[in-house]
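Take a look at the letters that make up each chain.
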Amino acid sequence: MGPEAVPAAEPAPATAAYAAGGARDVVVAGGGIIGLVTAWRAAQRGLAVTVVDPAPGGGAAQVAAGMLAAVTELHFGEERLLALNLASAERYPAFAAELAEASGQELGYRRCGTLAVALDADDRAYLRELHALQLRSGLESEWLSGRECRRLEPMLAPGVRGGLRVDGDHQIDPRRLASALVTACERAGVVWCRSTAGRLVVRGGRAVGVELADGSLVEGGQTVLAAGSRSGLLAGLPEEVAVPVRPVKGQVVRLAVPEAYRRGVAAFLGRTVRAVVRGSHVYLVPRENGELVIGATTEELGWDTTVTAGGVYELLRDAHELVPGLTELPFTEVRAGLRPGSPDNAPLLGPTALPGLHLATGHHRNGVLLTPVTGDVLADVLTTGELPGYADAFTARRFEAAPVQEGAR
């Protein structure tokens, strides 16, 4: 969702950190999970990296539910994105283990699977079509009757008409993920500049870092713009560099599952449950620590991050139809944040028309899922200058205007 979800920390003086060290190999503008994984992987390759962000580890991760749902997140018309999602999902077990060891922190990674269900005939027909698309795409997905769904998750409402069991779609706690990435970055030698990047610095036709609000410079041989939904707002971007990223609002509710359920006295939800309720999508993600995350609305409202009564009502109404017993759970939190959406809902990765400037943004609803593969792609680009073949379809240059050919006017 978005950088606005977490209040910015008080900026620390920036100039002192660079007086001795001078220019860095890489400057990453943005310290959400995408900027952090880029910095960590680049530092592991031996590059000197600085992350510019007032509050590293904040942003969308503080609101996101953390579904690693390459299969159940498949949407019609987004088949090209599927390969990248699957590549990242395949990396997750090893990535999570490596990051947990590097940070000394647990990530809340669970291979619990996902159950997508429908509550009426129309929604059942939609899931049937989605199941056919999944099978055509070579994905593992099992159709279950309503009775089979309730046998798997007894708390589901009697009205459940059928569903899809996807054991390969997992989950992670994005807040723990962000915290672990901050620690791993620090241990890898990444330097923090706790300020906001105000302007891209271009010298000699090349990006050479960013200017901060106080006018000081953070310079580097290469610059990565990873500022989530605000990536396109950085001043100084030349016209030939397209950063068509927009904010997409999402509201999320958090409840607490009593200790008795977590000890197995009675099952509440054992896996992520997604549903189509009268055409609206809702998901319930049970965490191992007893938290139940319910989300998420999708609203095109610009930079608004207001939590609304209507948004919360819709989430709880649809979730209650799905799992009636959740109305007895304690309410703990409601948040709203901004996803970085792109025109084709796929990320912008790698080099731009401006030498020295790379993008890592536009991940929309797949930011958490795509964290491992994004780190690998950007590390390759930063060390070799080349985008890996499997990421060619997501080059940041695909939205840049083609040069006008002589005689075409």
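Structural notes, computed from the coordinates. (Residues numbered from 1 in each chain as written. Predicted model: local features only at pLDDT ≥ 70, side-chain atom pairs only at ≥ 80, totals over all residues. Heavy atoms only, no water.)

## Considerations on the nonpolar core
Val49, Leu99 and Leu177 are the most contacted members of the largest nonpolar core, which totals 50 residues. Only strand E1 (24–29), helix H2 (33–44), strand E2 (49–52), helix H3 (79–103), helix H6 (174–187) and helix H9 (371–384) provide two or more residues apiece to this core. Among the elements that take part in this core, H2 stands out by supplying eight residues, more than any other. Leaving out residues up to four positions away in the same chain, Leu99 has contacts with Trp40, Gly104, Leu107, Leu177, Ala180, Leu181 and Ala184. Ranked by size, the runner-up nonpolar core spans 26 residues in total, among them Leu115, Val273, Leu284 and Leu329. (Core = buried A, V, L, I, M, F, W, Y, C linked by side-chain atoms within 4.5 Å. Buried < 20%, exposed > 50% of the residue type's maximum accessible area, 1.4 Å probe, protein only. Helix = DSSP H or I, 4+ residues; strand = E, 2+ residues; numbered from the N terminus. Contact = heavy atoms within 4.5 Å.)

## Side note on the pairing of strand E6 (residues 162–166)
The side chains of a regular strand alternate, first on one face of the sheet and then on the other. For E6, a buried count of four out of five residues is recorded, marking the element as mostly surrounded by other parts of the structure. Across five bridges, strand E4 (residues 114–118) lies against E6 in antiparallel orientation. Residue pairing in the sheet places Val117 in a bridge with Gly163 of E6. Where strand E5 (residues 142–145) lies against E6, four bridges are found, and the strand directions are antiparallel. Residue pairing in the sheet places Ser145 in a bridge with Gly162 of E6. (Pairing = 2+ DSSP bridges.)

## Here we look at the environment of Arg24
Turning to its location among the elements, Arg24 is positioned in strand E1. Through-space distance from the C-alpha of Arg24 to that of Ser342 is 30 Å; in sequence the pair is 318 residues apart. In this structure, Arg24 is in contact with Ala48, Val49, Thr50, Gly189, Val191, Glu219, Gly220 and Gly221, ignoring residues within four places of it in sequence.

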